[in-house]
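Below, each chain spelled out in residue letters.
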Amino acid sequence: MTANELRTKYLEFFKSKGHTIIPSASLIPENDPTVLFTTAGMHPLVPFLMGQKHPAGQRLTDAQKCIRTTDIDEVGDANHHTFFEMLGNWSLGDYFKKEAIEWSWEFLTSPEYLGLHKNHLAVSVFAGDNDAPFDEEAFNIWKGIFRKNSLPVERIAKLPKKNNWWGLATGGPCGPDTEMFYWVGPEKAPASFNDDNHLWVEIWNDVFMQFNQQDGKLEPLAQKNVDTGMGLERALAVVNGLDDNYKTELFWPIIEKIEELAGKKYNASPETTRAMRIMADHIKAAIFMLAENLKPSNTERGYVLRRLIRRAVRYGKQLGINGVFTFKLIEPTLGIYKEVYSELTNNKDFIEEQLVREEEKFGKTLEKGLKELKRLIEAALAVSTRKGFVPPPAAGPSSMGLAGQGRLLGREVFDLFSTFGFPMEMTKEIAAERGLEIDEDGFWREFKNHQEISKAGSEQKFKGGLADTSEQTVKYHTAAHLMLAALRQVLGDHVFQKGSNITAERLRFDFSHPEKMSSEQVKQVEDLVNEQIQKDLPVVCEEMSLEEAKAKNAMGVFEQKYGKRVKVYTVGDPERVFSSEICGGPHIERTGQLGRFKIQKEESSSAGVRRIKAILE
Ligand code: ALA
């Protein structure tokens, strides 16, 4: 099945159920300053989910262009993308769970539509918690369908909020959801669904939006809505029996072009595959952004665009591609989408001009910058080795402690940014490949200083995305302290930080713990952290000697890497300290500024080390 066929079948199916087909909205949200890009099909429809009347009626369906940067670390695997299309159908206060679920089932399994094997399907529903009850209605509807089709009801999983609840990070309409999974493994589908098994691929999500979330509180919405989302790229792979979205026609022509440019095959090695996927993903996303007249810059959306292009260029060089090349991926991308998104063809000249300009600009400093970065990395490693630090053998999060050894200084990272145009995130990634962390806080301090100087010096404004990002990362930094303390309370004193990675959108945190956390424990940790946030506790910084810090039981790795005097950040009353850590900072002043803390994922990182991804809403 081609992508165009799949898209059309979806829209026609819902049209036959009384839905009006509406066009995709822009990638740049209108009237919503809280996010940079449209991240889901429902995003442009928020006012209508809240009760405003939609001119096209109460039943809508569309294919929406989306950009998600929160998953950027995952891009490079078989099924995560920065740009993707989301197929969706909406009930704005019209039908609810029964119709939504029955139609999903019909579309997935009917031979006239996707004709998927029934016994390769599993679903999950919301298990319930203190905020909202178990979604018994959705469960019973599925049970009826599964019984009728002689399928095991064990394939209907009941899962907690982190799996089966959906809403935007910024609040607004939300509710329990039911997700549909397709078994892509070579052997028979197991009798029951297992959330940890990646061979169960999520293909569709029906969200029952019946709440409004504001300031962390849930209020019932005036109308009950349905918001569904099916990722076109994944669905196309599944329907065609492919285990890799990049092998579908939505990517393959771009990959073939990259193969030709690199003189290498896609499957030459795992590194080659990953690099080609990242290039194809990033340049496709960049082309869609440029088609909406965005330009690369150092702020907000423009900065995201710049990062994507520069990261793709770096991977291209790694593959051995010479000269300016990203514009050569325009032709195959246009070929894929020309019948659907005319803005690409209409803006072809602008897209080409901008890609070439950005790549040439970066190309001038890339080689020199890489050389300089290599030198800095070697120097940092040499110092660390003298101190007895052994760098981890492979790429990935290092297990280093907090400051100094195995780290690039903030000043160095900033110089790479200002002199060679290296986005901070790129330096971080390259350093991580050698097992080094960077001092991100130090980078932001330099960044802010520079802002002052340039404002005073040349009246030049250098504001926006990067600076905003810094506030957000400081919040996540404080949240990481609270979470470590909470993990130790819930799981025990064997828990130590093994690494952390913070972006403006989320916190990733590795810690020592031998087994998967139960959903109960995840909830307890979330609650403990949110309790501290609600108490609006002061975050106090004190300088003291290492001896004093140890005596106060401050967390930290006690090695010579700390200066004689250290900074200790403490949260809580002097009598009831909640968290105390040796750390360079910076941190926010009071926990009340954090919003609401939510764990999105808890998974294995390596032997004896677990990884949590968490967000602040
Ligand atoms: N809004 C839901 C999602 O993006 C359907 O998964």
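Criteria and cut-off values
- Sequence order as written defines residue numbering, which begins from 1 separately in each chain.
- Only residues with pLDDT of at least 70 are given local features in this predicted model, and only at 80 or more are side-chain atom pairs given and counted; all residues enter the totals for whole chains, interfaces and linings.
- The basis for every side-chain value is the complete set of non-hydrogen atoms in the structure, without hydrogens or water.
- Throughout this description, buried means an accessible area under 20% of the type-specific maximum (1.4 Å probe, protein chains only), exposed means over 50%, and partly exposed covers the range between.
- Helix and strand assignments come from DSSP, with helices taken as H or I runs of at least 4 residues and strands as E runs of at least 2, each series counted from the N terminus.
- In this description, a nonpolar core means a group of buried Ala, Val, Leu, Ile, Met, Phe, Trp, Tyr and Cys residues linked to one another through side-chain atoms lying within 4.5 Å.
- Contacts were defined at the residue level, with two residues in contact if any of their heavy atoms lie within 4.5 Å.
- By definition, two strands form a pair when at least two bridges between them are found by DSSP.
- Only one rule defines a salt bridge in this text: a Lys or Arg side-chain nitrogen within 4 Å of an Asp or Glu carboxyl oxygen.
- For each residue, the test is whether any non-hydrogen atom lies within 4 Å of the molecule or strand; if one does, the residue is near.
- We call two N or O atoms a polar contact when they sit within 3.5 Å, provided that within protein one can donate a hydrogen and the other can accept it, with sequence-adjacent residues counted only if both atoms are side-chain atoms.
- With residues, only the protein chains shown are counted as cover, and all accessible areas are computed by Shrake-Rupley using a 1.4 Å probe.
- Here a crossover is taken to be right-handed if, once the strands point away from the viewer, the path from the first strand over the helix to the second is traced clockwise.

Chemist: I'd like a rundown of helix α13 (residues 410-420), residues and numbers included.
Modeler: Since there are 3.6 residues in each turn of an α-helix, residues three or four apart along the chain are aligned in direction. Of all the positions in α13, only Gly 410, Val 413, Phe 414, Leu 416, Phe 417 and Phe 420 are classed as buried. Of the residues flanking the end of α13, it is Gly 421, one or two places downstream, whose phi is positive at about 70 degrees.

Chemist: Give me the lowdown on the nonpolar core, citing residues and values where you can.
Modeler: Across soluble globular proteins, nonpolar side chains have a tendency to be buried as a group. One finds Phe 107, Leu 108, Trp 142, Met 230, Ile 258, Leu 408 and Phe 422 to be the most contacted residues of the largest nonpolar core, which totals 114 residues. In terms of residues, this core owes the most to one element, helix α8 (residues 270-290), which gives 12 residues. What Phe 422 contacts, discounting residues up to four positions off in sequence, is Phe 362, Thr 365, Leu 366, Gly 369, Leu 370, Leu 373, Leu 416, Phe 417, Thr 427 and Ile 430. By size, the runner-up hydrophobic cluster in this structure holds 37 residues, among which are Leu 487, Val 529, Ile 533 and Phe 578.

Chemist: Give me the lowdown on the pairing of strand β18 (residues 609-616), citing residues and values where you can.
Modeler: Burial runs high along β18: 8 of the 8 residues are buried. On β18, burial covers both faces: Val 609, Arg 611, Lys 613 and Ile 615 on one face and Arg 610, Ile 612, Ala 614 and Leu 616 on the other are all buried. Direction of pairing for strand β13 (residues 507-512) relative to β18: antiparallel, over a ladder of 6 bridges. Paired with Phe 511 across the strands is Arg 610, a residue of β18. Pairing analysis gives 8 bridges linking strand β17 (residues 597-606) to β18, with the strands arranged antiparallel. Counted as the bridge partner of Glu 603 is Arg 611 from β18. As consecutive antiparallel partners, β17 and β18 are separated by 2 residues, and within that stretch Gly 608 has a phi angle of approximately 75 degrees, a positive value.

Chemist: Please provide a residue-by-residue account of the environment of Ser 518, values included.
Modeler: As for its position among the elements, Ser 518 is in the loop between β13 and α17 (519-534). Classification of Ser 518 by relative accessible area gives partly exposed; the value is 33%. Spatially, the C-alpha atoms of Ser 518 and Glu 602 are 9.4 Å apart, while their sequence positions differ by 84 residues.

Chemist: Residues and numbers for the pattern of salt bridges, please.
Modeler: What the rule picks out here adds up to 36 salt bridges. Residue Lys 161 pairs with Asp 131 through a salt bridge whose shortest N-O separation is 2.5 Å. Highlighted residues: Lys 161 in helix α5 (residues 161-164) and Asp 131 in the loop between β4 (121-126) and α4 (136-148), separated in sequence by 30 residues. Overall, the relative accessible area of 17% leaves Lys 161 in the buried class. Asp 131 sits in the partly exposed class, given a relative accessible area of 42%. Among the charged side chains, a network of salt bridges with common partners joins Asp 129, Asp 131, Lys 161 and Arg 596.

Chemist: Now, about unusual backbone geometry: what can you tell me, with residues and values included?
Modeler: Here Ser 150, not a glycine, exhibits a phi torsion of approximately 55 degrees, which is positive. The class of Ser 150 is exposed, set by a relative accessible area of 65%.

Chemist: Tell me what's going on with the site of the ligand, and back it up with residues and numbers.
Modeler: All residues in the neighbourhood of the ligand are listed as Ala 40, Met 42, Arg 68, Met 86, Trp 166, Asn 205, Val 207, Asp 227, Thr 228 and Gly 229. Between the ligand and Asn 205 there is a distance of 3.2 Å, counted from an oxygen atom to a side-chain nitrogen or oxygen. In this structure, a nitrogen atom belonging to the ligand sits 2.8 Å away from a side-chain N or O atom of Asp 227. Surface burial for the ligand is 95%, taken as the share of its 220 Å² of free accessible area covered by protein chains. Sorting the residues of the shell around the ligand by element identifies β8 (200-214) and β9 (217-231) as the ones contributing at least two each. Among the elements that line the shell around the ligand, the one with the most residues is β9, at 3 residues.

Chemist: Lay out the side chain of Gln 532 in plain terms, naming residues and giving numbers.
Modeler: Assignment of secondary structure puts Gln 532 in helix α17. Gln 532 has contacts with Leu 482, Leu 537, Phe 578 and Thr 591, leaving out every residue within four places of it along the chain.

Chemist: Can you explain the pairing of β4? Please cite residues and give values.
Modeler: Burial of β4 is extensive: 6 of the 6 residues sit out of reach of the surface. Sheet topology note: the β4/strand β7 (residues 172-183) ladder contains 4 bridges and is antiparallel. When the sheet's bridge partners are listed, Val 123 is paired in β7 with Met 180. Alignment of β4 against strand β5 (residues 156-159), held across 4 bridges, turns out to be parallel. For Val 125, the partnering residue across the bridge sits in β5 and is Lys 158. Between β4 and its parallel partner β5, the chain crosses via α4, and the hand of that crossover is right-handed.

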